[in-house]
Amino acid sequence: MKQFSVNNNTNGRQKNGRRRSGYALPGVLLAIAVMSVAVARGETWSFKLVGAPTALNKNSPRFESIRMMGTGTFDPVLGVVSASGTYTLYNAFDHPNGPVIYATWHSTDFVRFTPERGNKGTLTFKIGSSDALAGTGELTVMEDGIEGPIIANEPYIVPPGGSGGGARFHHEENEPFFPPLPPAVVGGEGADQDN
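Residues numbered from 1 in each chain as written. Predicted model: local features only at pLDDT ≥ 70, side-chain atom pairs only at ≥ 80, totals over all residues. Heavy atoms only, no water.

Visitor: Would you mind going over the nonpolar core in detail, with residue names and values included?
Guide: Core analysis: the largest hydrophobic core is formed by 29 residues, its most contacted members being Phe47, Ile66, Trp105, Phe125 and Val141. Of all the secondary-structure elements, those providing two or more residues to this core are strand E1 (41-50), strand E3 (65-75), strand E4 (80-90), strand E5 (101-116), strand E6 (120-129), strand E7 (137-142) and strand E10 (166-176). Ranked by the residues each element gives to this core, the list is headed by E5, at five residues. (Core = buried A, V, L, I, M, F, W, Y, C linked by side-chain atoms within 4.5 Å. Buried < 20%, exposed > 50% of the residue type's maximum accessible area, 1.4 Å probe, protein only. Helix = DSSP H or I, 4+ residues; strand = E, 2+ residues; numbered from the N terminus.)

Structure below.
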């Protein structure tokens, strides 16, 4: 194993010709931490699907429907979303693994959020499914229920009599969407000071 030492005659250069800086990595990490806190503060919202809302496939002759549960957090300023949950498809006779399908869903991309008075709004984001045959979809959640080309690119709508549930939104002003960096990353205990 090679050992390097500082040669005082080379203005702080090591034997291998590289300058040794003990402050470069901690300085960069501190700058990243400060920037992430500054950028990540803003419009943090959360939502929860309550009452397990149901949507109908408007093109299904056999009244195919989807019932969903889930929760998530999003920031419309940053354009990010993190959400997941479960769903059940009923009367899915046109699906190879139907007629009843149980699966999970997760967000993949933020699309848009339209806020309304009193912590209400309409949130749309893209989703993926644990059911490989479902493909990707787009879910719109609102106080009245859920809709969109949620699964297999099929058009689901809020039923005429109501969905039995919907989304409840909560807004947290000036809260970071992303958690802060732990102290070890920004130069605290356990950080590598010798790079």
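So that's the structure; there's more coming.
Visitor: Tell me about the environment of Asn97, residues and numbers included.
Guide: For Asn97, the position within the fold is in the loop between E4 and E5. With 36 residues separating them along the chain, Asn97 and Leu133 place their C-alpha atoms 8.3 Å apart. Asn97 has contacts with Asp131 and Leu133, leaving out every residue within four places of it along the chain. Looking at Asn97, its side chain comes within polar contact range of the side chain of Asp131, at 3.2 Å. (Contact = heavy atoms within 4.5 Å. Polar contact = N/O pair within 3.5 Å; in protein donor to acceptor, adjacent residues only side chain to side chain.)

Visitor: Describe a nonpolar patch on the surface, and please don't skip the residues or the numbers.
Guide: A grouping of Tyr90, Val100 and Tyr102 is seen on the molecular surface, where their side chains present a nonpolar patch of about 310 Å² in accessible area. Among the structural elements, Tyr102 can be located in strand E5. (Patch = residues over 30% accessible without salt bridge, like charges linked within 9 Å, V, L, I, M, F, W, Y side chains within 5 Å. Areas by Shrake-Rupley, 256 points an atom, 1.4 Å probe, with all protein chains shown as cover. Salt bridge = Lys/Arg side-chain N within 4 Å of Asp/Glu carboxyl O.)

Visitor: Please provide a residue-by-residue account of the pairing of E3, values included.
Guide: Here is the key point about a regular strand: its side chains alternate between the two faces of the sheet. Note: strand E2 (residues 54-57) against E3, three bridges, orientation antiparallel. Its bridge partner lying in E3, Ala55 is registered against Ile66. Here E3 runs beside E4; their pairing, made up of 11 bridges, is antiparallel. Residue Met68 lies in a different strand from E4, and its bridge partner there is Tyr87. In this structure, the hairpin formed by E3 and E4 is closed by a connection of four residues, where Gly79 is found at a positive phi of approximately 70°. (Pairing = 2+ DSSP bridges.)

Visitor: Tell me about the pattern of salt bridges, residues and numbers included.
Guide: This structure, assessed with the given rule, holds two salt bridges. The shortest N-O distance in the salt bridge between Glu143 and Lys120 comes to 3.5 Å. Highlighted residues: Glu143 in the loop between E7 and strand E8 (145-147) and Lys120 in strand E6, separated in sequence by 23 residues. Using a relative accessible area of 33% as the deciding quantity, one classes Lys120 as partly exposed.

Visitor: Can you break down the pairing of E7 residue by residue, with the values?
Guide: With respect to burial, E7 is a largely interior element, six of its six residues being buried. Here E7 shows two buried faces, one formed by Gly137, Leu139 and Val141 and the other by Glu138, Thr140 and Met142. Of the strand pairs in this sheet, E7 and E8 are connected by three bridges, and their pairing is antiparallel. Within E8, the residue paired with Val141 across the bridge is Ile146. Between E7 and the antiparallel strand that follows it, E8, lie two residues.

Visitor: Go over the side chain of Glu154, please, and point to the residues and values.
Guide: Among the secondary structure elements, Glu154 is positioned in the loop between E8 and strand E9 (156-157). A polar atom in the side chain of Glu154 sits 3.2 Å from the side chain of His95. Every residue in contact with Glu154, bar those within four places of it in the chain, is listed here: Asn57, Glu64, Asp94, His95, Gly148 and Pro149.

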